[in-house]
Amino acid sequence: MTSKELSKGKTFQHRMSGWKYSVATRYLLFLFLVVLFYIGLASKLLPERYDIRVNQPSEKEIVAPMQLPNSKATLKAQEESAERVQPMYTIVPIRNDNLITGILDRIERLNQDDQVSRSDKISIYKDEIPQRAREFVQNFVNNSRNADAYPEKLLDEVLQKTKEQTYRIPEETFIKIPRLTSEDIAEMRPVAREIVTGLMNDQITDAQTARAKVAERVSTSTLTKRTSREVVQELARLVITANKFYDDTATKDARVQAREDTPTVYIKQGEVLVKKGEIITQEIYTLLDENELLKDKINYWPQFGLLMLSAMLALGLFMYIRQFQSRTRRFKYNNAQLLMLVLIFVITVGAMMLTAILQDGERSYLGYLAPIALGAMLVTLLLDMSLAFVCAVIFSILASVILNVRQGQIFDFNFGFFALVVCLASIFSTHRASQRSTLFKGAIMVCLFGAVSVFTLALIDQSNWTQTTTLYAVAFAFAGGLITAILVIGLMPFFESTFGILSALKLVELSNPNHPLLRKLLTETPGTYHHSVMVGNLSEAAAEAIGANGLLCRVGSYYHDIGKTKRPSYFIENQNGMDNPHDTIEPKLSKSIIIAHARDGVEMQLDYKLPKPIRDIAEQHHGTTFLHYFYHKALREAEEQGVEPDFTEDDFRYPGPKAQSKEAAVVGIADSVEAAVRSLRKPTVEQVESMIEKIIKSRLDDHQFNDCELTMRELDIVAQTLKETVMGTFHSRIEYPEERPKPESGKT
């Protein structure tokens, strides 16, 4: 390798070792992403903690970083709910109808006993009838206790209430009872049982109320004897008791349930807890302490967990980009592009955080206003569609945390799902954008898919969505898509100019024939213009065949020979039958004129502020190739003059640099192929194939592809594609081999 090539190689290595390809810079950028993710998520996952003391003034205004449960207010609300609970009563059916039937049976047996005197019967009734009533209730309570039918306190209440409401039968009634005959008692028994059963079917808390109705029922009964009616009336009043008793256990259970059903009282996010300079009360101190917002109770594990989450997100992006390795650099993107990617993340995460400030528990739907698709759309337009998919997943995770207002959960599925849908919609609707107006079409798709996704979530989870919140959420989702489009259109020129990014939109704009340079090329050098268009067709097809940027090759080809406009007549495609001026000047001067067109083109493009990738193609498409014709002409003239040549082959080479990208290399090959094919009068298929292979082999042997990423397999694909494209472009000029006639039958 010559000294000039060595110096060029060193220059290239120096350029490669600059900050754009610095490994340290690359790792710093990804470290910054970790910090960005940590800061963006910390506001939701790690609320600010305060160093305060009771009865001391606060040094800053303290606001609720999220919805905070207010234990004191919640306890007060629970007690109020418990106090509103009415006393609970339980029906206890004692079956008093059996009691009155038993008393009448006893009266019937004793009245039939002639051995007992009337006065003794009266005494027995005075003692036994009230005793039977008391024992009946006591036996019921005992049996219920044994069967564990009712709570203990309820049975105690039954005994207490029946004792308090005991009825005393008048003395004259006991005197009348011995007069009753068996016929009287037989007539009384169904009436008494019916009266007691009927009254006890009602819910009775005060027996006196039911006893007051006995006289009316007795008077309407079938009993005709006055004595029978009076005895039935008094006995019924005796056996009738309360059957609805205060249930202390049920009341306490109801109050406990009321406390549990009372919703937690929250302090709204953003609500001022303490103003600056305000004295810290014990209540505020306890509130912050309960919610772990004091600095003396810092738990470092959540911080470590958040750091790991941030690192995993950044590492996932890092590993995805790192898989695209090449011979000349480790990453698919240089550090300038990575810096732009980091800035896109900063803008998108910042937009989410600003939107989150507007949210609270009651207006969570404001989160759908966030232009989440902004980042995915910018990555698609400025970098790569596949990278945009990875970024879409990261944006969705970030949105599900940053826009989450629900307590007790880290991620909000609704916002995560919404973010993923709008990001994917933006990617698919803009990845082939060729005009600025296409961005509005993409924005409409983002609006529609965002609104539909929100409406779908509302249909699935109707318990957490009202008609009002659904309408607001759908409207804000639609508005968020429009905001996304406005921001993308505004930010695209900034990124393109600041970072030298050549997007498809910019390339299409540069391919407009009305561009001043292209109009100059067309009007002043029509031959070069036609040549450039043909090179664009060839290079675009070849580039797309190997996965390179075909549109960049096409547009770069349009401008690659723009330097020829300074001296158009010195290039054969513009001579149009005129004498070749190179025939009358020295070969060295001819060489200088020919070589200068690359340098002149770059200077002209700089004047018109064309992007660097376009300038690189103009500068590198010839590489350091050798001008054979003028070199040998100079040798021949020196020999004719009988002098020793004072030049070398290096003096007749383009200054380079060699092609640094696949696109520049492909344009250089297509440039040579188009010129070579045009020089043939009647090209054949064999000639075209041979010429393409010769051109590629010549450049390969001359090490013109050493600094780019073209592989031997890709060179074969380029050769085949160029051949097919040339056949289609110059179809009418190329002579195809005729098919030989088949021999007739019988002839050898």
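Just so it is clear, the model here is predicted, and its values are computed rather than measured.

Cut-offs and rules
Residues numbered from 1 in each chain as written. Predicted model: local features only at pLDDT ≥ 70, side-chain atom pairs only at ≥ 80, totals over all residues. Heavy atoms only, no water. Axes fitted to C-alpha atoms, helices over the stretch in contact; angles between N-to-C directions. Helix = DSSP H or I, 4+ residues; strand = E, 2+ residues; numbered from the N terminus. Parallel < 35°, antiparallel > 145°, perpendicular 65-115°, else oblique. Left-handed = near helix turned anticlockwise from the far one by under 90°. Contact = heavy atoms within 4.5 Å. Nonpolar A, V, L, I, M, F, W, Y, C, P; charged D, E, K, R; others polar. Phe/Tyr/Trp six-rings, centres within 6.5 Å; stacked < 30°, edge-to-face > 60°. Buried < 20%, exposed > 50% of the residue type's maximum accessible area, 1.4 Å probe, protein only. Expected span 1.5 Å × (residues − 1). Bend = angle between axes of the 7 residues up to and from the residue. Patch = residues over 30% accessible without salt bridge, like charges linked within 9 Å, V, L, I, M, F, W, Y side chains within 5 Å. Areas by Shrake-Rupley, 256 points an atom, 1.4 Å probe, with all protein chains shown as cover. Salt bridge = Lys/Arg side-chain N within 4 Å of Asp/Glu carboxyl O. 1 Å grid on protein atoms, 1.4 Å probe; cavity = no way out; pocket = protein on both sides within 12 Å on 5 of 7 lines; lining within 4 Å. Points joined across faces, edges and corners; volume = space filled by probe spheres on them. Core = buried A, V, L, I, M, F, W, Y, C linked by side-chain atoms within 4.5 Å.

A.B. asks: An account of the packing of helix H16 (residues 373–382) against helix H17 (residues 385–402) is requested, with residue identities and associated values reported.
C.D. replies: Running from N to C, H16 and H17 point in directions that differ by 165°, and their axes come no closer than 9 Å. Between H16 and H17, the interaxial angle falls into the category roughly antiparallel. As for how H16 packs across H17, the hand of that crossing is right-handed. Counting all contacts with H16, which are made through Gly 375, Ala 376, Val 379 and Thr 380, the residues of H17 involved are Leu 387, Ala 388, Cys 391 and Phe 395. In terms of residue class, the contact of H16 with H17 is built from six nonpolar, two polar and no charged.

A.B. asks: Can you explain the packing of helix H23 (residues 526–545) against helix H30 (residues 712–729)? Please cite residues and give values.
C.D. replies: As a packed pair, H23 and H30 sit with axes 9 Å apart at the nearest point and diverge in direction by 140°. Considered as vectors, H23 and H30 are oriented oblique to each other. The element H23 and its partner H30 pack so that their crossing is right-handed. Counting all contacts with H23, which are made through Met 534, Asn 537, Leu 538, Ala 541, Ala 542 and Ala 545, the residues of H30 involved are Ile 717, Val 718, Thr 721, Leu 722, Thr 725, Val 726 and Thr 729. For the contact of H23 with H30, the residue count by class is nine nonpolar, four polar and no charged.

A.B. asks: Account for the packing of aromatic side chains, with residues named and values stated.
C.D. replies: Going through the model one piece at a time under the given rule, you end up with 21 aromatic pairs. Ring plane angle 85° and centroid distance 4.8 Å describe the contact between Phe 30 and Phe 318, whose orientation is recorded as edge-to-face. A residue pair is termed long-range when its members are at least 10 positions apart, and Phe 30 in helix H2 (residues 23–45) and Phe 318 in helix H14 (residues 300–322) qualify at 288 residues. With respect to class, Phe 30 is no different from Phe 318; both count as buried.

A.B. asks: Account for helix H8 (residues 182–200), naming residues and giving values.
C.D. replies: When the terminal C-alpha atoms of H8 are compared, their 26 Å separation across 19 residues agrees well with the 27 Å that a helix rising 1.5 Å per residue should span. Approximately 30° is the largest bend angle found in H8, and it occurs at Met 188, with the proline Pro 190 only one to four residues beyond. Among the residues of H8, those classed as buried are Asp 184, Ile 185, Met 188, Val 191, Ala 192, Ile 195, Val 196, Leu 199 and Met 200. Lining the buried residues of H8 we find helix H4 (96–111), helix H9 (207–211), helix H10 (214–219) and helix H11 (226–239).

A.B. asks: Outline a nonpolar patch on the surface, listing residues and values.
C.D. replies: On the surface, Ile 444, Met 445, Leu 448, Phe 449, Phe 478 and Leu 482 cluster together into a nonpolar patch covering about 490 Å² of accessible area. Counting residues per element, the ones that place at least two in the nonpolar patch are helix H19 (437–460) and helix H20 (467–498). The element that contributes the greatest number of residues to the nonpolar patch is H19, accounting for four residues. Assignment of secondary structure puts Phe 478 in helix H20.

A.B. asks: Describe the pattern of salt bridges, naming the residues involved and giving the relevant values.
C.D. replies: Pairs can form between side chains of opposite charge whenever their charged atoms are close. By the definition in use, this model includes 31 salt bridges. Taking the shortest distance from any N to any O, the salt bridge between Glu 79 and Arg 259 comes out at 3.2 Å. Remark: Arg 259 occurs in helix H12 (residues 248–261) and Glu 79 occurs in helix H3 (residues 71–83); sequence separation between them is 180 residues. When the shortest N-O distance is used, the salt bridge between Glu 230 and Arg 226 registers 3.1 Å.

A.B. asks: Quick one: what's the story with the layout of surface pockets, residue by residue and with numbers?
C.D. replies: Computed from the structure, the second largest pocket encloses a volume of approximately 1400 Å³. As for the second largest pocket, its lining consists of 33 residues, and the residues nearest its centre are His 622, Leu 627, Tyr 629, Ser 672 and Ala 675. When residues of the lining of the second largest pocket are traced back to their parent elements, those giving at least two are helix H25 (587–607), helix H27 (628–641), helix H28 (662–679) and helix H29 (685–701). Per-element accounting of the lining of the second largest pocket gives the leading share, six residues, to H28. In the lining of the second largest pocket, the residues fall into 13 nonpolar, eleven polar and nine charged.

A.B. asks: Describe the nonpolar core, listing the residues and the values that go with them.
C.D. replies: Core analysis: the biggest nonpolar cluster contains 73 residues, and Leu 317, Phe 345, Ile 372 and Leu 387 have the highest contact counts within it. Counting residues per element, the ones that place at least two in this core are H2, H14, helix H15 (335–358), H16, H17, helix H18 (413–430), H19 and H20. Per element, the largest residue contribution to this core is ten residues, and it comes from H17. If near-sequence neighbours (up to four positions away) are discounted, Ile 372 is found in contact with Thr 348, Met 352, Phe 395, Ala 399, Leu 403, Phe 418, Ala 419, Val 422 and Cys 423. If you look at the next biggest cluster of nonpolar residues, it comprises 48 residues, including Val 555, Ile 614, Ala 676 and Leu 715.

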